[in-house]
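# Descriptive analysis of the structure
What follows is each chain in one-letter form.
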2 protein chains.
Amino acid sequence: MRPALPLGALVRGHTCVRTTTSITTFRRPLATMAPGLVDGAAAPASLPIAAGMAAAPVAAPTKSSSHVMHRHLGVMPLKAIRAEGCYIYGENRRFLDACGGAAVVSVGHGDKRMIAALTEQLNSVNYVHSGNWATDCSEELAEVLCAEANERGGDFARAYFALGGSEAVESAVKLARQHFVEKGELQRTNFIGRDQGFNGNTLGCLALGGHKGRRKHFEPMLASGAFHKVSPCYAYRHQKEGESEAEYVARLETELEAKFQELGPETVAAFCAETVVGATTGCVPAVKGYFQACRRVCDRHGALFILDEVMSGMGRTGTLHAWEQEGVIPDIFTVAKGISGGYAPLSAVLASRKVIEPIERGSKVFVSGFTFQSYSCGTRAGLEVQKILKSDRLVERCAEMGVFLEAELHRCLDDHPNVGNIRGRGLFWGVEFVADKGTKEPFSPKVGLSSRVVDDAISKGVVMYTGSGTADGVAGDHILICPPYTITREQLTEVVETLRAALDDVLAQI
Amino acid sequence: MRPALPLGALVRGHTCVRTTTSITTFRRPLATMAPGLVDGAAAPASLPIAAGMAAAPVAAPTKSSSHVMHRHLGVMPLKAIRAEGCYIYGENRRFLDACGGAAVVSVGHGDKRMIAALTEQLNSVNYVHSGNWATDCSEELAEVLCAEANERGGDFARAYFALGGSEAVESAVKLARQHFVEKGELQRTNFIGRDQGFNGNTLGCLALGGHKGRRKHFEPMLASGAFHKVSPCYAYRHQKEGESEAEYVARLETELEAKFQELGPETVAAFCAETVVGATTGCVPAVKGYFQACRRVCDRHGALFILDEVMSGMGRTGTLHAWEQEGVIPDIFTVAKGISGGYAPLSAVLASRKVIEPIERGSKVFVSGFTFQSYSCGTRAGLEVQKILKSDRLVERCAEMGVFLEAELHRCLDDHPNVGNIRGRGLFWGVEFVADKGTKEPFSPKVGLSSRVVDDAISKGVVMYTGSGTADGVAGDHILICPPYTITREQLTEVVETLRAALDDVLAQI
């Protein structure tokens with residue numbers, strides 16, 4: 001195993017670049033990382049010199065003098081100069097963006113239509129407070145979102161616009177609670193989430209989700225009395241040998257029912273799950289029938305059924321909403337990331353008529369609100385993304401390219417002794433690494449395998465997204481491939497072949 | 001008292017306007033509002049016909065058909081078409097913006113320099129993930145923010161950039177906790193906030209803050225075991241008759257010390273307070289010496305001292321940071337709103353070297369992160385606001401105009417039988433209404449006084465910010481005046497005289 005990179009030392013293969021402020025290392029000292037404790041962030045990569053490009057000045061790295069609280073305090077990330085289509089341009093080379101941040105970039109970087117729309121919005125109305133002011137773009141986007149969800153069988157009445165995924169999930173939880181308060185069911189204070197689920201990084205979202213690494217330090221500050229967990233639906237690790245999908249679903253349904261009974265079914269406000277689990281276990285879709293089973297349990301006890309599509313929603317899985325592939329319609333669902341494709345912060349909570357009606361009949365006021373609620377540039381970006389998704393048939397493209405990506409992943413990686421599982425939907429795929437394919441034993445967290453694979457891939461010019469704690473919240477490694485919807489077949493092949501090469505190169509070093 | 005406005009009825013004085021989607025009422029049915037339960041949002045106002053402007057079509061209002069989850073579900077806010085300087089333009093008249101949303105707009109609306117900077121940023125780099133990528137604007141803004149705070153006596157090492165105030169406060173709390181985890185002081189799990197304080201609307205922020213109305217529905221979902229409260233420093237209501245400021249401070253210091261002792265001083269991670277309380281009690285500054293006393297208690301027991309300047313920071317009080325006027329330097333402080341002036345979502349957590357060092361020496365990774373952490377358009381907006389604050393001397397202007405505004409408020413309102421208290425700093429002022437000036441008895445929450453005053457002021461062309469629950473979290477009314485820093489003396493006089501007229505007009509109706 002490679003030793004930790006000491007600050008102040010120049011290690012083979014790790015070049016350094018002079019920034020505007022100081023000489024800093026662009027390499028994360030991996031072995032010092034606490035695995036599973038970052039926001040699934042891919043590691044800052046080394047910056048090799050691409051053919052035909054001038055060499056960056058090389059000097060002994062010093063402690064980063066940045067005043068930004070970067071994700072790793074000892075290391076400067078690469079500097080982004082420009083981004084266009086599927087590429088991000090650093091100071092002296094370009095990188096193929098195979099993850100769009102954390103599945104954020106949908107219509108591609110630097111789309112001229114997006115920039116034109118936002119420039120127009122900046123020149124008319126930017127920030128106004130949603131207490132007094134409405135804007136055409138927010139009205140229109142809400143109308144489009146509800147209409148689209150309703151064309152898919154829903155009965156959605158309202159969209160609540162916030163900035164990020166955490167704000168959306170916090171709002172969904174509060175909305176579910178207020179729904180029952182207004183109905184007079186004050187005893188419904190319990191929420192059921194899932195182990196290994198991730199619903200955001202605020203304390204409320206961490207309480208709802210179940211990723212050990214991210215919760216660890218903050219457990220004493222989480223409202224554990226109101227938030228409870230059941231097992232995830234994660235077939236690769238938890239479906240038993242010889243157990244059919246139907247039997248696995250039945251087992252999970254029984255567990256969820258038992259959790260309702262344990263809490264008292266009349267005390268449960270909602271069950272919440274990511275339709276396709278994102279960063280914590282790496283693009284894990286549920287097995288067939290699972291969400292219908294969850295919906296049945298919720299309906300049986302009058303609890304709300306909330307789906308979190310912050311990461312998986314808005315086309316990424318090959319349908320506009322990931323829930324379309326599950327044969328269920330949620331009472332509330334959240335979207336973010338792809339909804340505005342990174343052009344402006346935006347998240348949304350879609351609420352069905354059933355959820356809203358008691359509030360409309362009652363106080364009429366949802367007791368929550370954020371400064372940038374219904375932020376005009378956010379909703380304008382969301383509206384423009386909707387137009388581009390339609391005009392460029394990008395959701396359909398996600399589905400088509402997903403079939404190709406899946407085949408490429410299997411072609412390149414099925415025979416690899418350390419690739420345990422390949423899973424995903426559309427342009428949302430995870431590859432899970434294992435030390436032993438037979439036992440599914442993960443690598444030791446000390447190896448920092450997935451971060452190193454992503455680092456190596458970035459050094460080869462392709463950006464992926466790292467994840468750890470895959471197996472149990474602490475051990476386990478995966479990478480995510482979730483590129484802009486505009487990626488080509490050739491680029492996908494480059495991504496997959498780079499992944500294979502990076503994995504092999506890292507494994508050769510440990 | 002005016003009766004509730006039934007949907008479907010046309011009430012005297014309330015006109016309606018045809019929107020793009022349907023006929024909706026632009027008037028909030030005030031008496032149906034649950035006081036204290038909105039995010040201090042000023043009410044959507046009626047839209048009287050300004051002189052010389054064409055009358056809007058009047059029709060019987062119907063239920064709002066908007067799909068946006070507006071702050072009141074039965075009523076459409078006014079539609080904003082354009083905003084420039086201190087004015088927001090509706091469909092057929094302009095409104096003087098005397099609150100900038102909730103103290104958000106700092107350099108004014110539609111500033112061409114801001115728009116040019118953001119347009120340039122959109123055309124270079126918009127969204128990239130902070131795990132892999134740095135941007136010049138984030139680096140530069142962090143450098144400027146730390147340098148400025150350090151010129152004022154601080155020793156700030158890092159700025160953490162998020163989107164909204166809630167994300168910032170959540171991050172500050174998590175950072176304080178991780179600081180102690182890395183120091184090995186795992187027992188420090190308790191946080192002390194203040195009654196009537198507001199630190200944001202996520203469940204973690206609601207747990208830290210202490211506004212009854214906003215917490216009420218969600219109490220069962222708050223981590224009450226970790227978050228505790230002491231009294232606010234709110235002289236108008238809580239300084240006893242005959243008690244000197246020094247005695248009042250001593251009493252509050254004793255209370256805070258007692259809270260530390262009750263919890264076990266070694267278990268307290270941090271005390272957190274708004275330097276000037278914002279929306280919940282209406283621009284209430286502390287009395288002289290109070291924050292020095294709080295700092296003393298924290299220092300005595302090794303707890304961190306956190307100041308929340310989400311609303312009061314970045315020049316609004318007449319100094320760049322509100323804490324400059326208190327003779328203290330916090331270990332961590334949060335800013336938002338004015339930092340980017342509404343041009344893009346941005347908040348920041350400034351952390352002192354003392355807070356960061358155990359993490360830099362330890363795991364090096366702050367175990368938190370958001371999708372839009374270090375968002376380039378946000379930090380670019382923040383950087384441009386900094387430039388404009390300096391070039392246009394806007395912080396100094398806040399101080400100067402604040403002196404004028406204070407004098408105008410006293411001139412126009414001191415003799416009013418229902419104006420209990422006028423308090424604030426810079427361009428951040430609150431006016432508290434009372435039913436009885438002698439007893440300080442508030443109006444019944446059923447009256448919805450402050451919302452109605454704001455509604456009336458908007459009908460007169462001036463937008464202010466409403467607040468209720470001022471006295472005890474449920475009863476009590478105030479309005480906030482917190483305009484763009486560019487407001488003129490003439491405009492301030494118009495604001496204050498409109499407030500007087502609106503107050504009198506509303507009182508005549510009840």
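Reading the values: rules and limits
- Positions within a chain are numbered from 1, following the residues in the order the chain's sequence is written.
- Ligands are numbered from 1 and chains lettered from A, in the order in which they are written.
- Side-chain atom pairs in this predicted model are given and counted only at pLDDT of 80 or more, local residue features only at pLDDT of at least 70, and totals for whole chains, interfaces and linings cover all residues.
- Water and hydrogen atoms were dropped before computing side-chain values, which therefore reflect all heavy atoms in the structure.
- Only DSSP runs of H or I with at least four residues qualify as helices, and only runs of E with at least two residues qualify as strands; both kinds are numbered from the N terminus onward.
- Only protein chains enter the area calculation, which uses a 1.4 Å probe; residues under 20% of their type maximum are buried, those over 50% are exposed, and those in between are partly exposed.
- The contact definition used throughout considers only heavy atoms, calling two residues in contact when any of these lie within 4.5 Å.
- Accessibility throughout is a Shrake-Rupley quantity obtained with a 1.4 Å probe, and a residue counts as covered only by protein chains that appear here.
- Buried area adds together the accessible area that both of two parts lose upon being put together, with accessible area traced by a 1.4 Å probe.
- Definition used for salt bridges: Asp or Glu carboxyl oxygen within 4 Å of a side-chain nitrogen of Lys or Arg.
- The axes used here are C-alpha line fits, helices contributing only the stretch in contact, and every angle between their N-to-C directions lies in the interval 0 to 180 degrees.
- Working definition: roughly parallel below 35 degrees, roughly antiparallel above 145 degrees, roughly perpendicular at 65 to 115 degrees, and oblique for all remaining angles.
- Whether a crossing is left-handed or right-handed is set by the direction in which the near helix is turned from the far one by less than a right angle, anticlockwise for left-handed and clockwise for right-handed.
- Under the scheme applied here, ten amino acids are nonpolar (Ala, Val, Leu, Ile, Met, Phe, Trp, Tyr, Cys and Pro), four are charged (Asp, Glu, Lys and Arg), and all others, including Gly, are polar.
- Here the rule is simple: two strands pair whenever DSSP picks up at least two bridges between them.
- To estimate the expected span of a helix, count its residues, drop one, and scale the result by 1.5 Å.
- We call a pair of cysteine sulfur atoms a disulfide whenever their separation is within 2.5 Å.
- The copies were overlaid with a least-squares fit restricted to C-alpha atoms from residues scoring a pLDDT of at least 70 in each copy.
- Note on aromatic pairs: the rings of Phe, Tyr and Trp (six-membered ring only in Trp) are paired at centre separations within 6.5 Å, and the planes decide the class, stacked below 30 degrees, edge-to-face beyond 60, tilted for the rest.
- Our definition puts a charge over a ring when NZ of Lys or CZ of Arg is within 6 Å of the ring centre and also within 35 degrees of the ring normal.
- A residue's pLDDT is the predictor's confidence in that residue, given on a scale from 0 to 100.
- N or O atoms within 3.5 Å of each other form a polar contact, as long as, within protein, one can give a hydrogen and the other can take it, and as long as residues adjacent in sequence are counted only when both atoms are side-chain atoms.

Attention now goes to the overall build of chain A. Assigned secondary structure in chain A consists of 14 helices and 21 strands. Residue burial in chain A is summarised as follows: out of 510 residues, 71% are buried. The contacts of chain A with a sequence gap of at least 6 include a subset with a gap of at least 24, amounting to 73%. Total accessible area on chain A stands at roughly 15,000 Å², and carbon and sulfur atoms take up 52% of it.

Another point: the interface of chain A and chain B. Every contact between the two is made by 119 residues of chain A and, on the other side, 119 residues of chain B. Taken over both partners, the interface formed by chain A and chain B buries close to 10,400 Å², and the fraction arising from carbon and sulfur atoms is 63%. The tally of links from chain A across to chain B stands at two salt bridges. As a salt-bridge pair, Asp136 of chain A and Lys79 of chain B come within 2.9 Å of each other at their nearest N and O atoms.

Time to look at unusual backbone geometry. Residue and element names in this part refer to chain A. Backbone geometry at Cys283 places phi at a positive 55 degrees, although glycine is not the residue there. With respect to the secondary-structure elements, Cys283 resides in the loop between strand E12 (276-277) and strand E13 (284-285). Positive phi, close to 50 degrees, is recorded for Arg393, a residue that is not glycine. Tracing the backbone through its elements, the reader meets Arg393 in the loop between helix H11 (376-391) and helix H12 (394-413).

What follows covers the packing of helix H3 (residues 136-151) of chain B against helix H11 (residues 376-391) of chain B. All names here are of chain B. Interhelical geometry of H3 versus H11 gives an angle of 45 degrees and a closest axis separation of 8 Å. Judged by the inter-axis angle, H3 sits oblique to H11. In this structure, H3 meets H11 at a crossing whose hand is left-handed. Across from Cys137, Ser138, Glu140, Leu141, Val144, Leu145 and Glu148 in H3, the residues of H11 making contact are Ser376, Thr379, Arg380, Gly382, Leu383, Gln386 and Lys390. Residue classes in the contact of H3 with H11 are distributed as five nonpolar, five polar and four charged.

All names here are of chain B. Across three bridges, strand E5 (residues 87-89) lies against strand E6 (residues 94-97) in antiparallel orientation. If you follow Ile88 over to E6, its bridge partner there is Phe95. Taking the residues between adjacent antiparallel strands as the criterion, E5 and E6 are bridged by four residues. With two bridges connecting them, E6 and strand E19 (residues 462-463) associate as parallel partners. Pairing of Leu96 across the sheet is with Val462, part of E19.

With 20 residues, helix H12 (residues 394-413) of chain B extends 27 Å between its outermost C-alpha atoms, agreeing within 8% with the 28 Å of an ideal straight helix rising 1.5 Å per residue. Among the residues of H12 of chain B, Leu394, Val395, Cys398, Met401, Gly402, Leu405, Glu408, Leu409, Cys412 and Leu413 of chain B are the ones counted as buried.

Right, let's talk about the state of the cysteines for a bit. Residue and element names in this part refer to chain A. With the rule as written, the count across this model stands at zero disulfides over all chains. We note that Cys482 lacks a disulfide partner, and the nearest cysteine sulfur, in Cys99, lies 5.5 Å from it. Judged by its relative accessible area of 0%, Cys482 falls in the buried class.

Glancing now at the sheet that holds strand E20 (residues 465-468) of chain A. Residue and element names in this part refer to chain A. Strand order in this open sheet of four strands is E17-E18-E21-E20, and the pairing throughout is antiparallel. Sheet topology places strand E17 (419-425) and E20 at the edges, where each strand pairs with a single neighbour. Across this sheet, the average inter-strand angle for adjacent strands is 20 degrees, counted without regard to direction. Here four bridges tie E20 to strand E21 (residues 477-481), and the two strands are oriented antiparallel to one another. Residue pairing across strands places Thr466 opposite Ile479, the latter belonging to E21. Along the sheet, H12 makes contact with E17, strand E18 (428-433) and E21, crossing E18 at roughly 15 degrees.

All names here are of chain A. In this structure, Gly302 sits in the loop between helix H9 (290-301) and strand E14 (304-309). Under the relative-accessibility criterion, Gly302 is labelled partly exposed at 36%. Gly302 sits 35 residues away from Thr267 along the chain, and the two C-alpha atoms are 9.8 Å apart. Setting aside its immediate chain neighbours within four residues, Gly302 contacts Phe180 and Arg188.

Looking now at the sheet that holds strand E6 (residues 94-97) of chain A. Within the open sheet, the four strands sit side by side as E4-E5-E6-E19 (chain A). Their pairing is mixed. The strands lining the two open edges of the sheet, one partner per strand, are strand E4 (82-84) and strand E19 (462-463) of chain A.

With that settled, consider the relation of the copies chain A and chain B. You can overlay chain A on chain B at an RMSD of 0.0 Å; the transform is a turn of 180 degrees with a shift of 0.0 Å along its axis. What the superposition gives is, in effect, a two-fold axis relating one chain to the other. Across chain A, the smallest distance between a C-alpha and the rotation axis is recorded for Ala223 of chain A, namely 2.0 Å.

With that settled, consider the packing of aromatic side chains. Residue and element names in this part refer to chain A. For the structure on display, the rule yields 22 aromatic pairs over all chains. Three or more aromatic residues link up through ring pairs in this structure, and these residues are Phe271, Tyr290, Phe291 and Phe305. The positively charged end of Arg489 is found above the aromatic ring belonging to Phe404, 5.4 Å away from the centroid.

The subject of this paragraph is the pairing of strand E15 (residues 332-335) of chain B. Residues and elements named next belong to chain B. Of the two faces of E15, the one lined by Ile332 and Thr334 and the one lined by Phe333 and Val335 are each fully buried. Pairing analysis gives four bridges linking strand E14 (residues 304-309) to E15, with the strands arranged parallel. In the sheet register, Asp308 faces E15, and the bridge partner there is Thr334. Across four bridges, the pairing between E15 and strand E16 (residues 347-352) is antiparallel. When the bridges of E16 are listed, Ile332 appears paired with Ala351.

Turning our eyes to something else, we now look at the confidence of the model for chain A. The pLDDT averaged across chain A works out to 89; a share of 87% of its residues lies at or above 70. Across residues 1-63 of chain A the pLDDT falls below 50, and counting only partners more than four positions away or on other chains, this stretch makes 183 contacts in the model.

Most of helix H13 (residues 449-459) of chain B sits inside the fold, with eleven of its eleven residues counted as buried. Burial in H13 of chain B covers these residues: Leu449, Ser450, Ser451, Arg452, Val453, Val454, Asp455, Asp456, Ala457, Ile458 and Ser459 of chain B.

What follows covers the side chain of Thr135 of chain B. Looking at the element boundaries, Thr135 of chain B is found in the loop between strand E7 (133-134) and H3. Note on Thr135 of chain B: relative accessible area 6%, which makes it buried. Polar side-chain contacts of Thr135 of chain B include one of 3.1 Å to the side chain of Ser138 of chain B. When neighbours within four sequence positions are excluded, Thr135 of chain B is seen to be in contact with Ala80 of chain A together with Val125, Val128 and Ser376 of chain B.

Turning our attention to the pattern of salt bridges. Within the structure shown, the criterion is met by 62 salt bridges over all chains. Notably, a salt bridge pairs Glu185 of chain A with Arg188 of chain A, separated by 2.7 Å at the nearest N-O pair. By relative accessible area, Arg188 of chain A is classed as buried at 6%. Note that Lys183 of chain B and Glu185 of chain B form a salt bridge whose closest N and O atoms lie 3.5 Å from each other. Taking the relative accessible area as the measure of exposure, Lys183 of chain B reaches 43% and is therefore partly exposed. Here the salt bridges share partners, and the residues they tie into one network are Glu253, Glu257, Arg296 and Arg300 of chain A.

Glancing now at the packing of H13 of chain B against helix H14 (residues 489-509) of chain B. Residue and element names in this part refer to chain B. Closest axis-to-axis distance for the H13/H14 pair is 8 Å, and the angle between their directions is 120 degrees. As judged from the angle between their axes, H13 and H14 are oblique. H14 is crossed by H13, and the crossing has right-handed handedness. Between H13 and H14, the contacting residues are Leu449, Arg452, Val453, Asp456 and Ala457 on the first element and Thr498, Leu499, Ala502, Leu503, Asp505, Val506, Leu507 and Gln509 on the second. In terms of residue class, the contact of H13 with H14 is made up of eight nonpolar, two polar and three charged.

Here the focus is the environment of Val105 of chain B. Mapped onto the secondary structure, Val105 of chain B falls in the loop between helix H1 (100-103) and helix H2 (112-124). Residue classification places Val105 of chain B among the buried residues on the basis of a relative accessible area of 2%. Excluding anything up to four places from it in sequence, Val105 of chain B contacts Tyr127 of chain A together with Asp97, Gly100, Arg316, Gly341, Pro483 and Pro484 of chain B.

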